[in-house]
Amino acid sequence: MKNKNKLPPNIQHLLMEIGEKSVLFRLFLLTKEFPDCKVFQNLSGAGYDILFLNGNKEVKVEVKTRQRLYTTSNEKQKRTVQFTVTKNEYDNCDYVIAYWYEKNYYFIVPKKDLRETSSNGKALYKFVVRELANGEIDDNSYKYLDEWEQLIV
């Protein structure tokens, strides 16, 4: 029996594409401000989505997109979003850009700041965003919000 609580695979894929293309465009806009920068979509499938070049510096970016519009979670749970990367993605990227779709929030997180966890014996790495009751983001998440300049420095 199919799980009626999950988004259909085609919609999940669409959401992933929206997130990746949105980040790609935001990084492209940075290249206009900083002429030494260039941005490319990774088509090799080597564990990251976007390659950002800043002069001689390469930054490999993994993009994770989440939404809480369509969920059976209660209201309290809707205020927490988990962005999880696999061991392969962790090993191959330098940053994770976590995009919370309906809030239009971008969190630029160095991979060293991800929390290690596991599922079914497999290593995973996680970034968790918590929205407070007043609608603001918790301090741990807020420090990564729209911190695009990390990629430039």
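Above: the structure in question.
Reading the values: rules and limits
- Residues numbered from 1 in each chain as written.
- Predicted model: local features only at pLDDT ≥ 70, side-chain atom pairs only at ≥ 80, totals over all residues.
- Heavy atoms only, no water.
- Helix = DSSP H or I, 4+ residues; strand = E, 2+ residues; numbered from the N terminus.
- Buried < 20%, exposed > 50% of the residue type's maximum accessible area, 1.4 Å probe, protein only.
- Contact = heavy atoms within 4.5 Å.
- Areas by Shrake-Rupley, 256 points an atom, 1.4 Å probe, with all protein chains shown as cover.
- Pairing = 2+ DSSP bridges.
- Axes fitted to C-alpha atoms, helices over the stretch in contact; angles between N-to-C directions.

**Describing the overall build of the protein**
No. 1: Helix and strand counts for the protein stand at three helices and eight strands.
No. 2: Reading the protein from its N end, one meets helices and strands in the order α-β-β-β-β-α-β-β-β-β-α.
No. 3: Per-residue burial over the protein gives 41% buried out of 153 residues.
No. 4: By sequence separation, contacts in the protein at least 24 residues apart represent 54% of the contacts at least 6 residues apart.
No. 5: With an accessible surface of roughly 9,400 Å², the protein has 50% of that area assigned to carbon and sulfur atoms.

**Points about the sheet that holds strand E7 (residues 115–119)**
No. 1: With antiparallel pairing, the three strands of this open sheet are ordered in space as E4-E8-E7. Here the strands that pair on one side only, and so sit at the sheet edges, are strand E4 (80–86) and E7. For this sheet the average axis-to-axis angle between neighbouring strands, irrespective of direction, equals 40°.
No. 2: Where E4 lies against strand E8 (residues 122–130), seven bridges are found, and the strand directions are antiparallel. Bridge pairing in E8 places Thr80 opposite Arg130.

**Observations concerning the pairing of E8**
No. 1: In this sheet, E8 lies alongside E7 in antiparallel orientation, the contact comprising five bridges. Paired with Arg115 across the bridge in E8 is Lys126.
No. 2: If you look at the hairpin formed by E7 and E8, you'll find two residues sitting between the two strands, and Asn120 has a positive phi there, around 50°.

The quantities given are spatial measurements derived from coordinates; they are silent on function.
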